[in-house]
Amino acid sequence: MNLIRTLKYASLIYLLIPSILFLLTWVNLAVGLSASILIIAYFFWYAKKDAANSVREVASQYRGWVHIFGMLALAIGVNVLLGIGEFKRQESDFIANNFKYHDLIQHDWPLYYTHYKVHMCYYLGYYLPVAQLAKWFSLESARYFALGWSVIGLFFVLLWISTFVKKNGGLLVILVIIFPNAWIIYALIDLIGWHREVFPHYFILINDFYLVLSKFEDNWAWAPQHTLPAVLGACFVLEAFVSKKVNRLELLLMLLSTMYWSPLASIGLFPFVLVLFLKDFPTLFQQEKLPELLGMTGLVMAFLPLMIYFISTEGVNSGNTGFIWQTGTSLWGVYYAIYVLANVGIWYCFIQTELFEWSPLIYGSMCFIIILGIYRIGLYNDLNVRGVIPAYTIMSTGICIWVMKGWKKRRVGAYILSCYLLLGGLQSVRSFVVQGMSSNTPQTTIEKPFIGHYNSMLSFQENAYGDSTAIKEYCLKKGGFFDKYLLKK
């Protein structure tokens, strides 16, 4: 089978597994089974129709076992070094992640917290397949399943990205992994001591309003549950752009399948999918397209239980939302301008100097990054931090391709930009080296997630947020529509 077609099918199956598992284990049998059958039938229908379409061919080097195993080895190395599998130190968010794994493995589904008298209501796509496998085997095996699950996803991403250039795909993958954010510029501002308190660690903090654009390595180390669906979805967008073919059946299936992994990733992918959907939009309503329109409508209906599930939480503290101009400082415009210029403007100044076929996609990604910085959702501005990952992935891939092509054509701008890219990327290289040399072990593990006097994910999160109302985000609303009619009893 063609490599690109294989990647598409494998990625969709990978993304869909958690949603189907949820429907079969958390939703009442009649609804969950019906929705699962509809989703599976849609996938095979889409695959049958797609088989008649031509697919982009890639150079033979990308189909060779050396390249494929090279990408697999890199995926394993990145995950191990960043703490997945518990062989190295993990970022602090894994204290909560390990509790989620542990609670899902040790208790029946739907997960019910007796002490709080609530069912869990949260996007668990990253955790659920690992937890199910550990239920079948053992709690001790969960760390290996977690590593394997993450490696598979990253392997698909790296292999896919490597095919977006005709030569030197491995170099493109490395450049995308180390592609920097604005840390150099922030460090210079910090060095001269101007508004030092605003740049505590290479991000902007305006009172309680965070403006963050994290590198690939930071996103993967802190939140693979958000990053995996975001970067996989970005690969589908990039593939549509490179192949110059829009498959609406495929894009809708991809977008909906990311939802249970991370609604924030789905939000980040939505504008790109919408633009592709609107391309030749009138053709969608032609008579010969009617079966596709009905099929897509049926798919949306199949995902309705998941959509209802997400809006059935008890809610979050409304004080965690707001626009940037509501931060209580007259200098918000200055800080926002620094964020935009440092994270987007620096790249635009280089690539806008000459025509480049990827420019429209890159500029669109830049615009989305700029817009997401205006409004905050969540205590740590999760919408900005996680929702921007698809746009950041698309932008970084496009710019790295620009550098590689410009270098080959001996353009001065490409030389300058490559130096800036590589200098900025040294921080990521250093992080991987330090992680590789470090003997520090994880603070907690899936097998033993307990820390202090906390014995569950909810009890830990209640303390972590410092506000008992914050855990409502993880709680299913009692007496709501999902609780009454859809929840498996």
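All of the points below concern the structure found in this document. (Residues numbered from 1 in each chain as written. Predicted model: local features only at pLDDT ≥ 70, side-chain atom pairs only at ≥ 80, totals over all residues. Heavy atoms only, no water.)

Positionally, Ser262 belongs in the loop between α12 (248-258) and α13 (263-278). For Ser262, a relative accessible area of 0% corresponds to the buried category. Side chain to side chain, Ser262 and His226 meet in a polar contact 2.7 Å long. Not counting the four nearest positions on each side in its chain, Ser262 is found in contact with Tyr123, Gln225, His226 and Pro229. (Helix = DSSP H or I, 4+ residues; strand = E, 2+ residues; numbered from the N terminus. Buried < 20%, exposed > 50% of the residue type's maximum accessible area, 1.4 Å probe, protein only. Polar contact = N/O pair within 3.5 Å; in protein donor to acceptor, adjacent residues only side chain to side chain. Contact = heavy atoms within 4.5 Å.)

Here we take up the packing of helix α6 (residues 128-136) against helix α7 (residues 142-162). Across the interface, α6 lies against α7 with an axial gap of 9 Å and an inter-helix angle of 145 degrees. Judged by the sense of rotation from one axis to the other, the crossing of α6 with α7 is right-handed. Judged by residue contacts, Pro129, Val130, Leu133 and Ala134 of α6 engage Ala142, Phe145, Ala146 and Trp149 from α7. The class makeup of the residues in the contact of α6 with α7 is eight nonpolar, no polar and no charged. (Axes fitted to C-alpha atoms, helices over the stretch in contact; angles between N-to-C directions. Left-handed = near helix turned anticlockwise from the far one by under 90°. Nonpolar A, V, L, I, M, F, W, Y, C, P; charged D, E, K, R; others polar.)

Another aspect to go through is the packing of aromatic side chains. In this structure the tally under the stated criterion is 46 aromatic pairs. Note on Phe323 and Trp325: the rings are 4.7 Å apart at their centroids and 5 degrees apart in plane angle, and the pair reads as stacked. By relative accessible area, Trp325 is classed as partly exposed at 45%. Here the aromatic rings of Trp347 and Tyr420 are separated by 5.4 Å at their centres, their planes lie at 70 degrees, and the arrangement is edge-to-face. Linking Trp347 in helix α16 (residues 332-351) with Tyr420 in helix α20 (residues 412-437), this pair joins segments that are 73 residues apart in sequence. Judged by relative accessible area, Tyr420 falls into the buried class, the value being 14%. Through a chain of ring-to-ring contacts, the aromatic side chains of Tyr14, Tyr101, Tyr126, Tyr127, Trp149, Phe155, Phe156 and Trp261 assemble into a single cluster. Positioned above the aromatic ring of Phe87 is the side chain of Arg143, whose terminal nitrogen or guanidinium carbon lies 4.5 Å from the ring centre. The ring of Phe277 carries Arg248 above its face, with NZ or CZ at 6.0 Å from the centroid. (Phe/Tyr/Trp six-rings, centres within 6.5 Å; stacked < 30°, edge-to-face > 60°. Lys NZ or Arg CZ within 6 Å of the ring centre and 35° of its normal.)

This part takes up the environment of Gln443. As for its position among the elements, Gln443 is in the loop between α20 and α21 (457-464). With relative accessibility at 58%, the residue Gln443 sits in the exposed group. Between the C-alpha atoms of Gln443 and Arg89, which are 354 residues apart in sequence, the distance is 7.3 Å. The contact partners of Gln443, leaving out residues within four places of it in the chain, are Ile95 and Ile451.

What follows concerns helix α17 (residues 359-372). Within an α-helix, residues lying three or four positions from one another point in the same direction, as the helix has 3.6 residues per turn. Along its 14 residues, α17 runs 20 Å from first to last C-alpha, staying within 8% of the 20 Å computed at 1.5 Å per residue. Those residues of α17 not exposed but buried are Ser359, Leu361, Ile362, Ser365, Met366, Phe368, Ile369 and Leu372. On its buried face, α17 is in contact with α11 (224-243), α13, α16, β6 (375-377), α18 (382-387) and α19 (389-408). (Expected span 1.5 Å × (residues − 1).)

Moving on, we come to the nonpolar core. Phe22, Trp26 and Ile399 are the most contacted members of the largest nonpolar core, which totals 171 residues. If one sorts the elements of this core by residue count, α7 sits on top with 13 residues. Apart from the residues within four sequence positions on either side, Ile399 is in contact with Phe179, Trp347, Ile351, Ile362, Met366 and Leu417. (Core = buried A, V, L, I, M, F, W, Y, C linked by side-chain atoms within 4.5 Å.)

The next point concerns the pattern of salt bridges. Taken as a whole, this structure holds eleven salt bridges when the rule is applied. Close ionic contact of Glu91 with Arg89 constitutes a salt bridge, the shortest N to O distance being 3.6 Å. Residue Arg89 is classed as partly exposed on the basis of its relative accessible area, which comes to 32%. (Salt bridge = Lys/Arg side-chain N within 4 Å of Asp/Glu carboxyl O.)

Our focus in this paragraph is a positive patch on the surface. Together, Lys166, Lys167, Lys408 and Lys409 make up a positively charged patch on the protein surface. Within the secondary structure layout, Lys167 lies in the loop between α7 and α8 (169-178). The exposed category is assigned to Lys167, whose relative accessible area is 59%. (Patch = residues over 30% accessible without salt bridge, like charges linked within 9 Å, V, L, I, M, F, W, Y side chains within 5 Å. Areas by Shrake-Rupley, 256 points an atom, 1.4 Å probe, with all protein chains shown as cover. Lys, Arg positive; Asp, Glu negative; His and termini not counted. Charge placed at Lys NZ, Arg CZ, Asp CG, Glu CD.)

Turning our attention to a nonpolar patch on the surface. Together, Phe270, Leu274, Leu278, Phe281 and Phe285 make up a nonpolar patch on the protein surface, roughly 470 Å² of accessible area in all. On the secondary structure map, Phe281 appears in the loop between α13 and α14 (290-302).

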